[in-house]
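Structure assessment
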Amino acid sequence: MFDYTYLPSPNLIPSLVEMMLKIMFIFTMNMGVFAPVLGWVERKQSALMQDRIGANRADIFGFTLFGLLHIASDALKLLVKEDFIPRGADKPLHYLAPFIAVVPALVAFAVIPFGGKYMLWGHEANLVIADLNVGMLYIFAVASLATYGAVIGGWASNNSWSLLGGLRVGAQMLSYEVAMGLTLVGIFMVYGSLQLTTIGMAQENFFRWGIFLQPLGFILFIACALAENKRTPFDIPEAESELIAGYFTEYSGLKFAMFWMAEFLEMVTIAAVLVALFFGGWHIPFITHQGLIDAMGHLFGPNFGAIAAMLIHAAVFWIKVVAWIVILMLIRWSLPRFRFDQVMRLGWKIVLPLALMNIVLTGLIILAVR
Amino acid sequence: MQLLIFYGFGFLALFSGIAMIMSRQPVTSALLMILNMFCLAGLYAQLGAHLIAALQVMVYAGAIMVLVLFVIMFLNLREKAGIVSKHGVMTQAVGIAVLGFVITAMVSKLDMAKLPAAKAPAADFGSVVAIGRVLFTDYLLPFEITSVLLLAAIVGAVVLAKRKV
């Protein structure tokens, strides 16, 4: 009965070390860097755009460090705040909902490559946690689970505003999930794979980046991704002027922070998917993957050269991701909120037909080119 | 290791399935069903059928159950005493007895020795390419007929929705 392929192989130790390092890296990037810093970025950016000074009150002996100390003070405040559960709320579900929201946002990153493959001392390192064949489908699957956090949170709070927010989340996610899947079919057709590492390698040539091959798919995907992220202009589930705060009205302290963190982590994931699918992943324009490794190999020798190339590629990937996060945040402060019927109409009557059209067009072009 | 994961998912799936039927609260039932479907997806993934696993989570646990939850929330179904079955102890006992009989009959017919030896699946088993190829060659007709059926269902839904306006 025992499957012997799981017994230790000579490659096990380097593979385990590689896996641990990659998971630790992604976890630190998400929880340690992005989750706290993005809150500061958002406050500073909105202040800049609205001609305010912005977060600058928290200080140590008069030093405010551009408001960066607000990260610490916010975290401290959220930690010590009373954790309130309203009367009549479904306690276990109320407790569970923030966790259901955060976990999918964290694990979605597993299939996104933040670098290519490198030979280090005879061991091939692949800079992706799980190089799944189903690739993008895994992200869709995880993203569809992320809905439950908000929906259950809205239900369990025993509050009409929360319930309405939860209902809106359900309807909005359901509508845009379908469209989001279809917008990316064009990309899968062009590159002939769902695997994100394969798609990444196929974008080595600057003019074969997804944005040039699938411009319509790119625009539609951004619209769907924003809707899935529940941020302005698609933030009707938490519309302050109508629903107080929507599905997390009754949440406080750390549980509130978890909903908030889930939203930021989803944004990081969206930016990473955008980079991996449409903006050449870890590639530097006009420099091939092997080319950089060889060039670094000349400078530092084969092994340290590969490490240098690896670090450069990873850095390029994260720079692109940060650039996209900034753009995604810009959208929030630029556009007003849609009405609920407008969101639904945009999803079903504009994005979905256009996505279908994009698939047909892509198919015709591929046929013609062949 | 593999066996452990299998038992973990298997027991969780059984537990959530039974708990789903036993639960008095519609929302809890729906959530347990999601858990059940998620466990099934885990079992599929363990068999190497990654595409089926991803689709199981995406379509069933993701899309369809969101719809179920949406309807439950929309109608605001809270815990009600009337939901629990009113059948007597006798009826329940008979039901359990019949189920037990069926299961023992099935198990006794199973002759482990007669089962063919397990074959190692092909290297690309369960991958998107392998399933896609089979779907568009060997099973093209059923595939197309299913899509026509789904189209008919969509048209039907639109007609039903339009009537009310």
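Residues numbered from 1 in each chain as written. Chains lettered and ligands numbered in written order. Predicted model: local features only at pLDDT ≥ 70, side-chain atom pairs only at ≥ 80, totals over all residues. Heavy atoms only, no water.

1. What to know about the overall build of chain B
Check the secondary structure of chain B and you find six helices and zero strands. Helices and strands in chain B line up, N terminus first, as α-α-α-α-α-α. Looking at chain B residue by residue over its 165 residues, the buried ones come to 22%. Sequence separation of 24 or more characterises 60% of the internal contacts of chain B that already satisfy a separation of 6 or more. When the accessible surface of chain B is summed, it comes to about 12000 Å², and 78% of that surface belongs to carbon and sulfur atoms. (Helix = DSSP H or I, 4+ residues; strand = E, 2+ residues; numbered from the N terminus. Buried < 20%, exposed > 50% of the residue type's maximum accessible area, 1.4 Å probe, protein only. Contact = heavy atoms within 4.5 Å. Areas by Shrake-Rupley, 256 points an atom, 1.4 Å probe, with all protein chains shown as cover.)

2. Quick word on helix H3 (residues 50-74) of chain B
With 25 residues, H3(B) extends 34 Å between its outermost C-alpha atoms, agreeing within 8% with the 36 Å of an ideal straight helix rising 1.5 Å per residue. A bend of about 35 degrees at Met65(B) is the largest found in H3(B). Listed as buried for H3(B) are Leu51(B), Ala53(B), Ala54(B), Gln56(B), Val57(B), Ala61(B), Gly62(B), Met65(B), Val66(B), Leu69(B), Ile72(B) and Met73(B). Those residues of H3(B) that are buried are in contact with helix H4 (136-156) and helix H5 (160-191) of chain A together with helix H2 (26-46) and helix H5 (128-136) of chain B. Directly after H3(B), the chain includes Asn76(B), whose backbone phi takes a positive value near 50 degrees. (Expected span 1.5 Å × (residues − 1). Bend = angle between axes of the 7 residues up to and from the residue.)

3. Some points on the interface of chain A and chain B
Taken residue by residue, the interface counts 28 residues in chain A and 29 residues in chain B. At the junction of chain A and chain B, the tally comes to two residue pairs in polar contact (both at pLDDT 80 or more). For the side of chain A that touches chain B, the secondary-structure elements that each account for two or more residues are H4 and H5 of chain A. Per element, the largest residue contribution to the side of chain A that touches chain B is ten residues, and it comes from H4(A). (Polar contact = N/O pair within 3.5 Å; in protein donor to acceptor, adjacent residues only side chain to side chain.)

4. Focus on the pairing of strand S1 (residues 117-120) of chain A
Side chains Tyr118(A) and Leu120(A) project from S1(A) onto a buried face, and the interleaved Lys117(A) and Met119(A) project onto a face without burial. Taken together, S1(A) and the strand that follows it, strand S2 (residues 123-126) of chain A, pair antiparallel across an intervening segment of two residues, in which Trp121(A) is found at a positive phi of about 50 degrees. (Pairing = 2+ DSSP bridges.)

5. Re unusual backbone geometry
A positive phi is found at Asp51(A), a non-glycine position, where the angle reads about 60 degrees. When you line up the elements, Asp51(A) lands in the loop between helix H1 (12-49) and helix H2 (69-80).

6. Some points on the packing of H4(A) against H3(B)
Orientation of H4(A) relative to H3(B), taken along the N-to-C sense of each, is 20 degrees, at an axis distance of 8 Å. Considering the angle they form, H4(A) stands roughly parallel to H3(B). Relative to H3(B), H4(A) is oriented so that their crossing is left-handed. Judged by residue contacts, Leu137(A), Phe140(A), Ala141(A), Ser144(A), Leu145(A), Thr147(A), Tyr148(A), Val151(A), Ile152(A) and Trp155(A) of H4(A) engage Leu51(B), Ala54(B), Val57(B), Met58(B), Ala61(B), Gly62(B), Met65(B), Val66(B), Leu69(B), Ile72(B) and Met73(B) from H3(B). (Axes fitted to C-alpha atoms, helices over the stretch in contact; angles between N-to-C directions. Parallel < 35°, antiparallel > 145°, perpendicular 65-115°, else oblique. Left-handed = near helix turned anticlockwise from the far one by under 90°.)

7. Here we look at the domain arrangement of chain B
Residues and elements named next belong to chain B. Looking at the assigned domains, one finds that chain B contains domain 1 (1-78 + 86-108) and domain 2 (121-165). Here the C-alpha centre of domain 2 lies 24 Å away from the C-alpha centre of domain 1. Each side of the interface is counted separately: domain 1 has six residues, and domain 2 has four residues. Roughly 340 Å² of surface becomes buried between domain 1 and domain 2 when both sides are summed, with 73% attributable to carbon and sulfur atoms. Counting every contact that joins domain 1 to domain 2 gives zero salt bridges. For the pair domain 1 and domain 2, the interface holds zero residue pairs in polar contact (both at pLDDT 80 or more). Of the residues that constitute the side of domain 1 that touches domain 2, the class distribution is four nonpolar, two polar and no charged. (Domains from an automatic or database assignment. Buried area = accessible area lost by both parts, 1.4 Å probe. Salt bridge = Lys/Arg side-chain N within 4 Å of Asp/Glu carboxyl O. Nonpolar A, V, L, I, M, F, W, Y, C, P; charged D, E, K, R; others polar.)

8. Quick word on the packing of aromatic side chains
All names here are of chain A. In total, this model carries 20 aromatic pairs over all chains according to the counting rule given. An angle of 40 degrees between the planes, with centres 6.4 Å apart, marks the rings of Phe207 and Phe212 as tilted. When the centroid spacing of 5.3 Å and the interplanar angle of 50 degrees are considered together, the rings of Phe279 and Trp324 count as tilted. Taken together, the residues span a long stretch of sequence, with Phe279 in the loop between helix H10 (253-278) and helix H11 (289-300) and Trp324 in helix H12 (residues 302-334) at a distance of 45 residues. (Phe/Tyr/Trp six-rings, centres within 6.5 Å; stacked < 30°, edge-to-face > 60°.)

9. Points about empty space enclosed by the protein
Residue and element names in this part refer to chain A. The final tally for this structure, using the stated rule, is two cavities of 30 Å³ or more. There is about 250 Å³ of room inside the largest cavity. Residue lining of the largest cavity: 21 residues in total, with Ile139, Ala143, Glu266, Thr269 and Ile270 positioned closest to the centre. Only helix H3 (91-107), H4, H5, helix H8 (215-229) and H10 provide two or more residues apiece to the lining of the largest cavity. In terms of residue count, H4 provides more of the lining of the largest cavity than any other element does, seven residues in total. Here the lining of the largest cavity is built from residues that sort into 15 nonpolar, three polar and three charged. Roughly 80 Å³ of volume is contained in the second largest cavity. Taken together, Ala101, Ala146, Ala150, Asn229, Lys230, Tyr247, Phe259, Ala262, Glu263 and Glu266 make up the lining of the second largest cavity. Looking at the lining of the second largest cavity, the elements with two or more residues in it are H4 and H10. (1 Å grid on protein atoms, 1.4 Å probe; cavity = no way out; pocket = protein on both sides within 12 Å on 5 of 7 lines; lining within 4 Å. Points joined across faces, edges and corners; volume = space filled by probe spheres on them.)

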